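So the chains spell out like this:
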Amino acid sequence: MKRRFAGISNPEAKHEKTSVMLNISQEAELLRKVPMFSKMESSKLKLLAFTSDSFTFDHGESLCHAGDAADCAYVIMSGEVEVIAEAQDGTEVLIGVRGSNELIGEMAVVTNEPRSASVRARGEVVAMRIMDEALLKLMSENPEIALDVMRQMAERLAETGRKYQEVQIRLRHYESQ
């Protein structure tokens, strides 16, 4: 994982911003392309960009692992990620693929539970990390964003339910042969 800084001179000091590859206004405009942030005031987008960090992940690199603490969410700025669960036998199960302008990891942040799946880069990925406190504050102060996050979570839950039903049907068909 390479940090593409919204300018952090010391990678371990999360809020020490010095050198800037993208300025805050440019990062705010990138965030505006994310549907849930598209109607936010520029000043709020700039604050979100300022409090977030951007990272570049190489192909196969993990953004987070199942069981990790829910300390942040990510906005995929470019590229695609695979959302992966582990079956009881230890094999990986592809839950879904998420791409540009999508929020991932929000379910764990909202529920304050460990992550239910791992997320891995599929090719090069640029992602903006939003810390849990910032995301929760953003949601509590902007009901339209909270509603959008809830809608996305509901859509993903419905998608998972459909996939589960498909697997059950295939399993019954396989067992009947």
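Here, every reference points to the structure presented above.
Residues numbered from 1 in each chain as written. Predicted model: local features only at pLDDT ≥ 70, side-chain atom pairs only at ≥ 80, totals over all residues. Heavy atoms only, no water.

1. Examining the nonpolar core
Phase 1 of the analysis: Counting 24 residues, the largest nonpolar core has L31, F37, V75 and I145 as its most contacted members.
Phase 2 of the analysis: Every element with two or more residues in this core is listed here: α1 (24-32), α2 (42-51), β4 (72-86), β7 (118-131), α4 (132-141) and α5 (143-176).
Phase 3 of the analysis: Considering every element that reaches this core, the biggest residue donor is α5, with 4 residues.
Phase 4 of the analysis: In this structure V75 touches L31, V34, F37, E102, L103, V126, A127, M128 and I130, once residues within four positions along its chain are discounted.
Phase 5 of the analysis: With 16 residues, the next largest nonpolar core counts Y74, V81, A117 and A127 among its residues. (Core = buried A, V, L, I, M, F, W, Y, C linked by side-chain atoms within 4.5 Å. Buried < 20%, exposed > 50% of the residue type's maximum accessible area, 1.4 Å probe, protein only. Helix = DSSP H or I, 4+ residues; strand = E, 2+ residues; numbered from the N terminus. Contact = heavy atoms within 4.5 Å.)

2. Points about α5
Phase 1 of the analysis: In this model, α5 (34 residues) spans 49 Å end to end at C-alpha, consistent with the 50 Å of a helix rising 1.5 Å per residue.
Phase 2 of the analysis: Every buried residue of α5 is accounted for by I145, A146, D148, V149, Q152, M153 and R156.
Phase 3 of the analysis: Where α5 is buried, its residues touch β5 (92-98), β6 (102-104), α3 (106-111) and α4. (Expected span 1.5 Å × (residues − 1).)

3. Quick look at the pairing of β7
Phase 1 of the analysis: Counting buried residues along β7, 10 of its 14 residues qualify, which places the element largely inside the surrounding structure.
Phase 2 of the analysis: Pairing of strand β2 (residues 53-57) with β7 involves 5 bridges; the strand directions are antiparallel. Looking at β7, one finds that D53 is bridged to R129.
Phase 3 of the analysis: The pairing of strand β3 (residues 62-64) with β7 spans 2 bridges and is classified as antiparallel. Paired with C64 across the two strands is V119, which belongs to β7.
Phase 4 of the analysis: Across 11 bridges, β4 lies against β7 in antiparallel orientation. The residue bridging Y74 from the neighbouring strand is R129, located in β7. (Pairing = 2+ DSSP bridges.)

4. Side note on the state of the cysteines
Phase 1 of the analysis: Per the stated rule, a full pass over the model turns up 0 disulfides.
Phase 2 of the analysis: Distance from the sulfur of C64, which forms no disulfide, to the nearest cysteine sulfur (C72) is 7.1 Å.
Phase 3 of the analysis: We classify C72 as buried; its relative accessible area is 3%. (Disulfide = S-S within 2.5 Å.)

5. Some points on the side chain of S118
Phase 1 of the analysis: Positionally, S118 belongs in strand β7.
Phase 2 of the analysis: A distance of 2.9 Å separates a polar atom in the side chain of S118 from the backbone nitrogen of A66.
Phase 3 of the analysis: In this structure, S118 is in contact with C64, H65, A66, E82, V83 and I84, ignoring residues within four places of it in sequence. (Polar contact = N/O pair within 3.5 Å; in protein donor to acceptor, adjacent residues only side chain to side chain.)

6. With respect to the packing of α1 against α2
Phase 1 of the analysis: At a minimum axis distance of 8 Å, the contact between α1 and α2 shows a crossing angle of 105 degrees. The angle between α1 and α2 places the two elements in the roughly perpendicular class. Facing α1, whose interface residues are I24, S25, E27, A28, L31 and R32, α2 presents S42, L45, K46, L48, A49 and F50.
Phase 2 of the analysis: Here the contact of α1 with α2 is composed, by residue class, of 7 nonpolar, 2 polar and 3 charged. (Axes fitted to C-alpha atoms, helices over the stretch in contact; angles between N-to-C directions. Parallel < 35°, antiparallel > 145°, perpendicular 65-115°, else oblique. Nonpolar A, V, L, I, M, F, W, Y, C, P; charged D, E, K, R; others polar.)

7. A few points about the pattern of salt bridges
Phase 1 of the analysis: On inspection of all chains with the given rule, the structure shows 13 salt bridges.
Phase 2 of the analysis: The partner of E102 in a salt bridge is R156, with the nearest N and O atoms 3.6 Å apart. With E102 in strand β6 and R156 in helix α5, this pair connects stretches of sequence that are 54 residues apart. (Salt bridge = Lys/Arg side-chain N within 4 Å of Asp/Glu carboxyl O.)

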